[in-house]
Amino acid sequence: MTDRTQAPATSPAPGPMLLAAKLPPHVWFGVSAVFHYLGPAFAVLLFPHVGVLGMAWLRIATAALIFAPLTRPWRTFARADPSTRLLLLAFGACLAVMNCAFYLALDRLPISLVAAIEFVGTIGVALVGLRSTRNLTALAVAVTGTVLLIDVKWSSDPLGLFWAFLNGALFVGYIVLGHRVARAGAGDGIVGLGAAMTVAFVVVLPIGFTDALPAFFSPPLLIAAIGVGICSSVIPYICDQLAMSRLPRSSFALMLSLLPVTATLIGVIVLRQIPDFSDCVGIALVVAGVAFHRPARTD
């Protein structure tokens, strides 16, 4: 059954929406997959200067300030019905806690392990809508590739694992809630995202503000933090909405198996972590699984 939510009343300009309609949803997902770990890779470099929660605060604040004039969240909440308001509140709270947990995990664990745990939760979402042997086979191939690629190793840091599993659970919530917002329509989904990001900023406001203060006295540091916010919470979340609006939820969840692939490639470019032969085989299997998958008509 397709999730549908009453659309918020305000929609962005039609120009970007025409472009969104012309490009395949897989293009938007690909852009999101790249920036999903590119921003956090740079964020880790800023942890010593603004703290983990300070970086999470700056990331969400940047996104909220960018979305506000474009989507006018105050109008969205004023015109939305009670069920839509509840959905946007839940989505925003999920975004806030998920981003904090994600950074707290990255501060203690390798990004590959955090990516592995993040992907585990999406398998269940993918299984819900996979109704054919072809799609189950595609999922099995993608999961096999992910296991080879990530080479999961348990950590001796229980607190880091707690944050990583919390982030993974909330990432499932992000998929489910974000898909409900998106299926109201691509434009309306972005408007809903802007409203939810405002909620996320309100939730995180008292958590990381003190840690973020040094950035306001260092223009280079503030510019770097804003760049991380754009890469982490603006570009990928918009692209997710554009992809979710046209992909079944299970299909979107299966395509998330590409995230460990992009994490590996970003590791090569940003962190100079060169993959070995098994990593290359894993990348090939994940790509093959996603390519072999066929979206269902309804989800």
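Just so it is clear, the structure is predicted and the values come from calculations on it, not from any experiment. (Residues numbered from 1 in each chain as written. Predicted model: local features only at pLDDT ≥ 70, side-chain atom pairs only at ≥ 80, totals over all residues. Heavy atoms only, no water.)

**A look at the overall build of the protein**
Thought 1: Along its length, the protein carries 13 helices and 0 strands.
Thought 2: Scored against the burial criterion, the 299 residues of the protein give a buried share of 53%.
Thought 3: Long-range contacts, defined here as pairs at least 24 residues apart, represent 89% of the contacts in the protein between residues at least 6 apart.
Thought 4: Accessible surface, the protein: about 12900 Å² in total, of which carbon and sulfur atoms supply 71%. (Helix = DSSP H or I, 4+ residues; strand = E, 2+ residues; numbered from the N terminus. Buried < 20%, exposed > 50% of the residue type's maximum accessible area, 1.4 Å probe, protein only. Contact = heavy atoms within 4.5 Å. Areas by Shrake-Rupley, 256 points an atom, 1.4 Å probe, with all protein chains shown as cover.)

**A word on helix α2 (residues 25–50)**
Thought 1: If you check α2, its first and last C-alpha atoms are 36 Å apart, about what 26 residues at 1.5 Å a residue would give, namely 38 Å.
Thought 2: The largest bend in α2 is about 40°, located at V44, with the proline P48 one to four residues further on.
Thought 3: Looking one or two residues past α2, G51 carries a phi angle of roughly 80°, positive in sign. (Expected span 1.5 Å × (residues − 1). Bend = angle between axes of the 7 residues up to and from the residue.)

**With respect to the nonpolar core**
Thought 1: Grouped together as the largest cluster of nonpolar side chains are 76 residues, with contacts concentrated most on M55, L95, Y103, Y174 and M197.
Thought 2: Those elements that place two or more of their residues in this core are α2, α3 (52–71), α5 (82–106), α6 (111–128), α8 (158–182), α9 (186–212), α10 (219–244) and α12 (259–270).
Thought 3: With 13 residues, α5 is the single largest residue contributor to this core.
Thought 4: With residues up to four places along the chain from it excluded, the contact list for M197 reads I60, A63, A64, F67, L95, S233 and Y237. (Core = buried A, V, L, I, M, F, W, Y, C linked by side-chain atoms within 4.5 Å.)

**A look at the packing of aromatic side chains**
Thought 1: Tallying each qualifying case throughout the model produces 9 aromatic pairs.
Thought 2: Here the aromatic rings of F171 and Y174 are separated by 5.8 Å at their centres, their planes lie at 15°, and the arrangement is stacked. Note that F171 and Y174 are positioned in helix α8 at a spacing of 3 residues, about one turn of the helix.
Thought 3: Since its relative accessible area comes to 4%, F171 is described here as buried.
Thought 4: Since its relative accessible area comes to 1%, Y174 is described here as buried.
Thought 5: Among the aromatic residues, ring-to-ring pairing joins W57, F201, F209 and F216 into one connected group. (Phe/Tyr/Trp six-rings, centres within 6.5 Å; stacked < 30°, edge-to-face > 60°.)

**Section: the pattern of salt bridges**
Thought 1: Per the stated rule, a full pass over the model turns up 1 salt bridge.
Thought 2: Of the charged contacts in the structure, one is a salt bridge between R108 and D157, with a shortest N-O distance of 2.9 Å. A residue pair is termed long-range when its members are at least 10 positions apart, and R108 in the loop between α5 and α6 and D157 in the loop between α7 (133–150) and α8 qualify at 49 residues.
Thought 3: With a relative accessible area of 40%, R108 lands in the partly exposed category. (Salt bridge = Lys/Arg side-chain N within 4 Å of Asp/Glu carboxyl O.)

**Details of the environment of A61**
Thought 1: Relative to the helices and strands, A61 resides in helix α3.
Thought 2: Through-space distance from the C-alpha of A61 to that of I226 is 8.8 Å; in sequence the pair is 165 residues apart.

**Concerning empty space enclosed by the protein**
Unfilled space is identified by rolling a water-sized probe across the atoms.
Thought 1: In the structure shown here, the tally under the stated rule is 4 cavities of 30 Å³ or more.
Thought 2: H36, P40, R59, M98, N99, F102, E118, N167, F171, S232 and Y237 together form the lining of the largest cavity.
Thought 3: Among the elements of the structure, α2, α5, α8 and α10 are those that each provide at least two residues to the lining of the largest cavity.
Thought 4: Of the residues assigned to the lining of the largest cavity, the class counts are 5 nonpolar, 4 polar and 2 charged. (1 Å grid on protein atoms, 1.4 Å probe; cavity = no way out; pocket = protein on both sides within 12 Å on 5 of 7 lines; lining within 4 Å. Points joined across faces, edges and corners; volume = space filled by probe spheres on them. Nonpolar A, V, L, I, M, F, W, Y, C, P; charged D, E, K, R; others polar.)

**Regarding the side chain of S233**
Thought 1: Tracing the sequence through the fold places S233 in helix α10.
Thought 2: Its relative accessible area of 0% is what places S233 among the buried residues.
Thought 3: At 2.6 Å, the side chain of S233 and the side chain of R59 are in polar contact.
Thought 4: If sequence neighbours within four positions are ignored, S233 has contacts with R59, A63, F67, N99 and M197. (Polar contact = N/O pair within 3.5 Å; in protein donor to acceptor, adjacent residues only side chain to side chain.)

**Details of the packing of α3 against α5**
Thought 1: It is the contact of α3 with α5, at a shortest axis distance of 9 Å, that shows an interaxial angle of 140°. With respect to their mutual orientation, α3 and α5 come out oblique. Classified by chirality, the crossing of α5 by α3 is right-handed. Contacts from V52, L53, M55, A56, R59 and I60 of α3 reach α5 at A96, N99, C100, F102, Y103 and L104.
Thought 2: In the contact of α3 with α5, the residues fall into 10 nonpolar, 1 polar and 1 charged. (Axes fitted to C-alpha atoms, helices over the stretch in contact; angles between N-to-C directions. Parallel < 35°, antiparallel > 145°, perpendicular 65-115°, else oblique. Left-handed = near helix turned anticlockwise from the far one by under 90°.)

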